[in-house]
Amino acid sequence: MNKIEKYVSNLRKYAISKLKEVPNIRIYNEKSDSGILAFNIEGVFAQDSSIYLNNYNIYVRAGNHCTKMLKDEIGVKNTVRVSMYLYNNKNDIDKLIEVLNRSEDIFKIVI
């Protein structure tokens, strides 16, 4: 379990560093210790971001994630959630980043 925890932690750090390079991405839980990252594309509804990513076979969750108080805590009602675990790798993160960098096409896909 310690090896899995270390692997997920390193993958998470990698994901955060890559997400920070993408314009218009806001990360909400950078300091968390889990394999879960919550973020949004600025100006895009979380569920629309989810549909966009799904189009490229990147599966995320979008919504308030059973935390109705999220809006009160961080001022945002819904986020996109990426969950990482031992079955993920840096290639998965790289694909996410590649697709997010092309997000100017998001509404061509969503609408």
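Here, every reference points to the structure presented above.
Remember, it's a predicted structure, so these values are computed and weren't measured experimentally.

Some remarks on the overall build of the protein chain
Part 1 of the argument: The number of helices and strands found in the protein chain is five helices and four strands.
Part 2 of the argument: Secondary structure of the protein chain in N-to-C order comes out as α-β-β-α-β-α-β-α-α.
Part 3 of the argument: Seen through its C-alpha atoms, the protein chain measures out along the principal axes to roughly 45 × 30 × 20 Å.
Part 4 of the argument: The proportion of buried residues among the 111 residues of the protein chain is 38%.
Part 5 of the argument: Taking all contacts inside the protein chain whose residues are at least 6 apart in sequence as the whole, residues at least 24 apart take part in 59%.
Part 6 of the argument: A total accessible area of about 7,200 Å² is found for the protein chain, and carbon and sulfur atoms account for 50% of it.
Part 7 of the argument: Each charge sign in the protein chain was given a centre, from 17 positive and 13 negative side chains, and these centres are 4 Å apart.

Some words on the environment of Ile16
Part 1 of the argument: Locating Ile16 in the fold gives a position in helix α1 (residues 2–19).
Part 2 of the argument: Sequence-distant contacts of Ile16, defined by excluding residues within four places in its chain, comprise Ile27, Glu30 and Leu37.

Section: the layout of surface pockets
Part 1 of the argument: The calculated volume of the largest pocket comes to roughly 230 Å³.
Part 2 of the argument: Surrounding the largest pocket, 13 residues form its lining, Ile58, Tyr59, Val82, Asn88 and Asp92 being those nearest its centre.
Part 3 of the argument: Contributing elements (two or more residues each) for the lining of the largest pocket: β4 (79–83) and α4 (90–101).
Part 4 of the argument: No other element matches α4, which puts four residues into the lining of the largest pocket.
Part 5 of the argument: Counted by class, the lining of the largest pocket contains eight nonpolar, three polar and two charged residues.

Comments concerning the side chain of Ser50
Part 1 of the argument: Secondary-structure assignment places Ser50 in helix α2 (residues 46–55).
Part 2 of the argument: Beyond its immediate sequence surroundings of up to four residues, Ser50 is in contact with Val60 and Ala62.

A look at the packing of aromatic side chains
Part 1 of the argument: One pass over the full model with this rule turns up two aromatic pairs.
Part 2 of the argument: With 5.4 Å between their ring centres and 70 degrees between their planes, Tyr52 and Tyr56 make a pair best called edge-to-face.
Part 3 of the argument: Residue classification places Tyr56 among the partly exposed residues on the basis of a relative accessible area of 22%.
Part 4 of the argument: For Lys90, the ring lying beneath its charged end belongs to Tyr14, and the centroid distance is 4.8 Å.

Brief notes about the sheet that holds β4
Part 1 of the argument: With respect to topology, four strands assemble into an open sheet ordered β1-β2-β4-β3, the strand pairing being antiparallel. Two strands bound the open sheet, and with one partner strand each, they are β1 (25–27) and β3 (61–63). Strand-to-strand twist of the sheet, defined as the mean angle between neighbouring strand axes without regard to direction, takes the value 30 degrees.

Cut-offs applied
- Residues numbered from 1 in each chain as written.
- Predicted model: local features only at pLDDT ≥ 70, side-chain atom pairs only at ≥ 80, totals over all residues.
- Heavy atoms only, no water.
- Helix = DSSP H or I, 4+ residues; strand = E, 2+ residues; numbered from the N terminus.
- Buried < 20%, exposed > 50% of the residue type's maximum accessible area, 1.4 Å probe, protein only.
- Contact = heavy atoms within 4.5 Å.
- Areas by Shrake-Rupley, 256 points an atom, 1.4 Å probe, with all protein chains shown as cover.
- Lys, Arg positive; Asp, Glu negative; His and termini not counted.
- Charge placed at Lys NZ, Arg CZ, Asp CG, Glu CD.
- 1 Å grid on protein atoms, 1.4 Å probe; cavity = no way out; pocket = protein on both sides within 12 Å on 5 of 7 lines; lining within 4 Å.
- Points joined across faces, edges and corners; volume = space filled by probe spheres on them.
- Nonpolar A, V, L, I, M, F, W, Y, C, P; charged D, E, K, R; others polar.
- Phe/Tyr/Trp six-rings, centres within 6.5 Å; stacked < 30°, edge-to-face > 60°.
- Lys NZ or Arg CZ within 6 Å of the ring centre and 35° of its normal.
- Pairing = 2+ DSSP bridges.
- Axes fitted to C-alpha atoms, helices over the stretch in contact; angles between N-to-C directions.

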